[in-house]
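# A look at the structure
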Amino acid sequence: MARIPIFLMGLLFLCFYIAMAEAQYINYRDPKQPLNSRIKDLVSRMTLEEKIGQMVQIDRSVASAEVMKKYFIGSILSGGGSVPAQKASAETWINMVNDFQKGSLSTRLGIPLIYGIDAVHGHNNVYKATIFPHNIGLGATRDPELVKRIGAATALEARATGIPYVFAPCIAVCRDPRWGRCYESYSEDPKIVQAMTEIIPGLQGEIPANSRKGVPFVAGNKKVAACAKHFVGDGGTTKGINENNTVINRHGLLSIHMPGYYNSIIKGVATIMVSYSSWNGVKMHANHDLVTAFLKNTLRFRGFVISDWEGIDRITSPPHANYSYSIQAGINAGIDMVMVPYNYTEFIDGLTFLVKNNIIPISRIDDAVKRILRVKFVMGLFEEPFADMSLVHQLGSQEHRELAREAVRRSLVLLKNGESAEKPLLPLPKKTSKILVAGSHADNLGYQCGGWTIEWQGLSGNNLTEGTTILTAIKDTVDPKAQVVYKENPDADFVKSNNFSYAIVIVGEHPYAETFGDSLNLTIPDPGPTTITNVCGAVKCVVIVISGRPVVIQPYVVSIDALVAAWLPGTEGQGVADVLFGDYGFTGKLSRTWFKTVDQLPMNVGDAHYDPLFPFGFGLTTTPTHFN
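Everything in this summary refers to the structure shown in the same document. (Residues numbered from 1 in each chain as written. Predicted model: local features only at pLDDT ≥ 70, side-chain atom pairs only at ≥ 80, totals over all residues. Heavy atoms only, no water.)

## Description of the overall build of the chain
Assigned secondary structure in the chain consists of 22 helices and 17 strands. For the chain, whose C-alpha radius of gyration is 27 Å, the value lies close to the compact-globule estimate of 25 Å for 628 residues. Along the longest, intermediate and shortest principal axes, the C-alpha atoms of the chain span 120 × 50 × 40 Å. Expressed as a percentage of its 628 residues, the buried residues of the chain come to 62%. Taking as baseline every contact in the chain between residues at least 6 positions apart, the subset at least 24 positions apart corresponds to 76%. If you sum the accessible surface of the chain, you get close to 23400 Å²; carbon and sulfur atoms cover 55% of it. (Helix = DSSP H or I, 4+ residues; strand = E, 2+ residues; numbered from the N terminus. Rg over C-alpha atoms; globule rule 2.2 N^0.38 Å. Buried < 20%, exposed > 50% of the residue type's maximum accessible area, 1.4 Å probe, protein only. Contact = heavy atoms within 4.5 Å. Areas by Shrake-Rupley, 256 points an atom, 1.4 Å probe, with all protein chains shown as cover.)

If you want it as structure tokens, here you go:
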């Protein structure tokens, strides 16, 4: 009789052991399991509250470990200028991100957060990061391989601060330079934009040869998830007004504004951001036909679709007028993750109500969550949720600064060089007696970097971050015996009475981003035109234009001996001097048409009324003169 209890005890122990083993083994936590199996297992365990939390992205200023845990928040972002501290170190960034991550991992299911940031020309929010030329300049290089290397450098600098997700690249096709985001566009030509999507394998890593097209890919913790933006037609709005209406037929939309997305998806881009703009009167944030039917179903994009900053609010006019409707329209259109930087509880409550009342189907929520989890699994966040300090030395590294300097050299476009090819002014001689450097942009690192640098709108001055102004670069390049005189806005008498060998005038636009940059006149701000007139009327001069787009220059061209479009070169101003003084030749070609007058706009290559000052693809060349 005594054997039965022993047998039963053994059986009970065996059952208990099996139950314990099953409790310890959780499918979604096993990296050896197939991706879809992990996603399916995790979604099956999630409550509605946990699912909706994954769909929310909030700004770091309102985030905390407690908030992450209480609301199951899936993502945090740093908006432009949203930093843990002024001039914060890489270590400070890492500690902040890891603190938020601890909150996420302390939840029941331990789903890691994904931290995103605008790194649109390098890791541009971060002090001491390398700031590369804005995209308009990179388009002028015509070199996808260079852009790919910039992507890889940007990924390392983002990871150096513990950040695994960047809202880049902008693959807008800017069709009107009056648009305040035109400098974020590589070109007016969709083919150049397509070619420059090579930045995506730079950021994310090369997609494996056997990978299914459309599935997101991120190659480990030295790479970041990328975000192609802004879907779709953001560069085609009427008069270039930001967030406005793009009026074009479907064929035009697909042939001009969509091609960059085909290439991005083929290259495994992890996420796509929806545009604030409308297409033929329909807000993109509410466009089910393009976001779900076309992007997800036709193009078979398998990553997640993210809204822009408070993007669903702007479905209504005025914004936030009918928030419940905005949530319904945005989520049903196919947006998976919603950027609600501040009022996240209102969004969570609103979406929960709409799902519980069957206004938004749970299948739509599950689609969103599966896509978000797919990206997180692919990135390896479940296996390595925390950042370490091993890459902090990559932030602003000398190697990256050399790469940025190369990009500056190759982005410069020479528009005029002397009265004739036989009498060029450039390259300038290094050995000379006295050089005048003039203009508002000669010694201003903030102006040279433009918008999206440290702050959203950019800054003026030289104390925002580390870098080299063009004036400093000139002084470091010329012969030590040459006297360099800097006067920001000299009068004509000063120029005439000082016996200068030649003058370098550096003028252009002040920093701006998005709507603040919309301009119907595209003039160079004062005193730029006066400086050009005063200097170039009195001495041989080269004018360097620092701008995010072509600007009005025709009235001054006759008096200018040499003219250079330097775009927004970033922190490495030495790249300008490298070419100016002949250590390297000019090679850049216009990635967009330079108009004569704003009355011609919009005017793009191929238009019937095409009559530019400098045509698309134009760019004079020079030969290096190393003997200078």
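From this point, the narrative continues.
## Regarding the sheet that holds strand S12 (residues 413–417)
One open sheet accounts for 6 strands, arranged S12-S17-S16-S15-S13-S14; its pairing is mixed. Edge positions in the open sheet fall to S12 and strand S14 (483–487), since each of these has one partner strand only. Each neighbouring strand pair of the sheet contributes to a mean axis angle of 20 degrees, computed without reference to strand direction. As paired elements, strand S13 (residues 434–438) and strand S15 (residues 502–508) share 4 bridges and run parallel to each other. Following the sheet pairing, Leu436 is matched in S15 by Ala503. (Pairing = 2+ DSSP bridges. Axes fitted to C-alpha atoms, helices over the stretch in contact; angles between N-to-C directions.)

## Some points on the pattern of salt bridges
The tally for this structure, following the rule as stated, stands at 31 salt bridges. Between Glu466 and Lys128 there is a salt bridge; the shortest N-O distance is 3.7 Å. With Glu466 in the loop between helix H17 (445–449) and helix H18 (470–477) and Lys128 in the loop between strand S3 (114–117) and helix H6 (135–141), this pair connects stretches of sequence that are 338 residues apart. Assessed through its relative accessible area of 36%, Glu466 is described here as partly exposed. (Salt bridge = Lys/Arg side-chain N within 4 Å of Asp/Glu carboxyl O.)

## Thoughts on the environment of Lys431
Structurally, Lys431 can be placed in the loop between S12 and S13. Given the relative accessible area of 62%, Lys431 is considered exposed. Separated by 52 residues in sequence, Lys431 and Gln483 have C-alpha atoms that sit 9.9 Å apart.

## Remarks on the packing of helix H2 (residues 35–45) against helix H15 (residues 362–379)
At a minimum axis separation of 10 Å, H2 and H15 run at an interaxial angle of 130 degrees. With respect to H15, the element H2 is oriented oblique. Here H2 runs over H15; the crossing is right-handed. Between H2, through Leu35, Asn36, Arg38, Ile39, Leu42 and Val43, and H15, the contact on the second element is made entirely by Asp366, Val369, Lys370, Leu373, Arg374, Phe377 and Val378. Of the residues contributing to the contact of H2 with H15, the split by class is 8 nonpolar, 1 polar and 4 charged. (Parallel < 35°, antiparallel > 145°, perpendicular 65-115°, else oblique. Left-handed = near helix turned anticlockwise from the far one by under 90°. Nonpolar A, V, L, I, M, F, W, Y, C, P; charged D, E, K, R; others polar.)

## Considering unusual backbone geometry
A cis geometry characterises the amide bond from Ser317 onward to Pro318, with omega recorded as 0 degrees. Its place among the elements puts Pro318 in the loop between strand S10 (304–306) and helix H13 (323–333). A cis amide bond, omega 5 degrees, links Asp526 with the succeeding residue Pro527. Topologically, Pro527 is positioned in the loop between S15 and helix H20 (528–536). For Lys87, which is not glycine, the phi dihedral falls at a positive 55 degrees. You can see Lys87 is positioned in the loop between strand S2 (75–78) and helix H5 (90–105). Owing to a relative accessible area of 49%, Lys87 belongs among the partly exposed residues under this scheme. With phi around 65 degrees, Ile454 is a residue other than glycine that occupies positive phi space. Mapped onto the elements, Ile454 comes out in the loop between H17 and H18. Assessed through its relative accessible area of 12%, Ile454 is described here as buried.

## Comments concerning the sheet that holds S10
Sheet architecture is open: 3 strands sit in the order S5-S7-S10, paired in parallel fashion. Strands at the two margins of the open sheet, each flanked by one partner only, are strand S5 (227–231) and S10. Here the average twist between neighbouring strands, direction ignored, is 25 degrees. Relative to S10, strand S7 (residues 271–274) runs parallel, the two sharing 3 bridges. Within S10, the position partnered with Met273 by the bridge is Ile306. Against the sheet, helix H11 (residues 259–266) contacts S5 and S7, and its axis sits at roughly 155 degrees relative to S5.

## Notes on the nonpolar core
Counting residues in each nonpolar core, the largest one holds 117 residues, and the members touching the most others are Phe231, Phe347 and Leu351. Leave out the neighbours within four places in its chain, and Leu351 touches Ile52, Met55, Ile327, Ile331, Ile360 and Ile365. Val408, Leu471, Phe500 and Ile532 belong to the second largest nonpolar core, which has 68 residues in total. (Core = buried A, V, L, I, M, F, W, Y, C linked by side-chain atoms within 4.5 Å.)

## So, the packing of aromatic side chains
Any two aromatic rings considered together are summarised by their centre-to-centre distance and by the angle between their planes. Inspection of every chain in the model, using the stated rule, returns 12 aromatic pairs. Pairing Phe494 with Phe500 gives two aromatic rings, centres 6.0 Å apart and planes at 45 degrees, and the pair type is tilted. The ring centre of Tyr276 lies 4.1 Å from the NZ or CZ of Arg314, which sits over that ring. Its guanidinium or amino end placed over the ring of Phe494, Lys487 lies 5.2 Å from that ring's centre, counting from NZ or CZ. (Phe/Tyr/Trp six-rings, centres within 6.5 Å; stacked < 30°, edge-to-face > 60°. Lys NZ or Arg CZ within 6 Å of the ring centre and 35° of its normal.)

## Side note on the pairing of S15
Buried residues dominate S15, accounting for 7 of its 7 residues. Side-chain alternation along S15 places Tyr502, Ile504, Ile506 and Gly508 on one buried face and Ala503, Val505 and Val507 on a second face that is also buried. In this structure, S15 lies alongside strand S16 (residues 541–546), joined through 6 bridges in parallel fashion. Considered in S16, the bridge of Gly508 is made with Ile546. What joins S15 to S16 is H20, and the crossover it makes is right-handed. (Right-handed = clockwise from strand over helix to strand, strands pointing away.)

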